[in-house]
Amino acid sequence: MKQITTYYNQMPWMNKEVRLLLRARNIAFRSGIQALTDYNPNNFTSTAMDTTFLNELNELHSNSLQDPTVSRSPTP
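Definitions and cut-offs
- Residues numbered from 1 in each chain as written.
- Predicted model: local features only at pLDDT ≥ 70, side-chain atom pairs only at ≥ 80, totals over all residues.
- Heavy atoms only, no water.
- Helix = DSSP H or I, 4+ residues; strand = E, 2+ residues; numbered from the N terminus.
- Buried < 20%, exposed > 50% of the residue type's maximum accessible area, 1.4 Å probe, protein only.
- Areas by Shrake-Rupley, 256 points an atom, 1.4 Å probe, with all protein chains shown as cover.
- pLDDT = per-residue confidence, 0-100.
- Expected span 1.5 Å × (residues − 1).
- Polar contact = N/O pair within 3.5 Å; in protein donor to acceptor, adjacent residues only side chain to side chain.
- Patch = residues over 30% accessible without salt bridge, like charges linked within 9 Å, V, L, I, M, F, W, Y side chains within 5 Å.
- Salt bridge = Lys/Arg side-chain N within 4 Å of Asp/Glu carboxyl O.

Engineer: How would you explain the overall build of the protein if you had to name every residue and give the values?
Structural biologist: What the protein contains, in helices and strands, is three helices and zero strands. The buried share among the 76 residues of the protein stands at 0%. As displayed, the protein has an accessible area near 7800 Å², and 59% of this comes from carbon and sulfur atoms.

Engineer: Provide a residue-level description of the confidence of the model for the protein, including the pertinent values.
Structural biologist: In this model, the protein carries a mean pLDDT of 78, and residues with pLDDT of at least 70 account for 78%. Per-element confidence in the protein is highest for helix α1 (residues 16-37), whose mean pLDDT is 88, and lowest for helix α2 (residues 46-49), whose mean pLDDT is 55.

Engineer: Quick rundown of α1? Include the residues and the values.
Structural biologist: Because the α-helix completes a turn every 3.6 residues, residues three or four places apart line up on one side. Helix length check: α1, at 22 residues, gives a terminal C-alpha distance of 32 Å against a target of 32 Å (1.5 Å per residue), a fit within 8%. Between the side-chain oxygen at the start of α1 and the backbone nitrogen of Glu17 there is a gap of 3.2 Å, and the oxygen is on Asn15. Count one or two residues on from α1 and you reach Asp38, which has phi positive near 60 degrees.

Engineer: So what about a nonpolar patch on the surface? Which residues, and what values?
Structural biologist: Together, Phe53, Leu54, Leu57 and Leu60 give the surface a local cluster of nonpolar side chains, amounting to about 350 Å² of exposed area. One can find Leu60 in helix α3 (residues 51-65). Overall, Leu60 belongs to the exposed group, its relative accessible area being 58%.

The following block contains the structure:
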């Protein structure tokens, strides 16, 4: 006996074959965009791994979350 799972927001025509075709289309589109832009997601630069850069980003983010009326001294 085969069990079929359906969800309340799933269209009746959306079956496994259609999902596989959409997935193949999306992967082809993404690889085409990567080829056109010369984008390599596995290319890590030293800037991304630099802890001072990451600390500056964390400080910038934390400053944006704080109340602007409260003055704080910068961390050394």
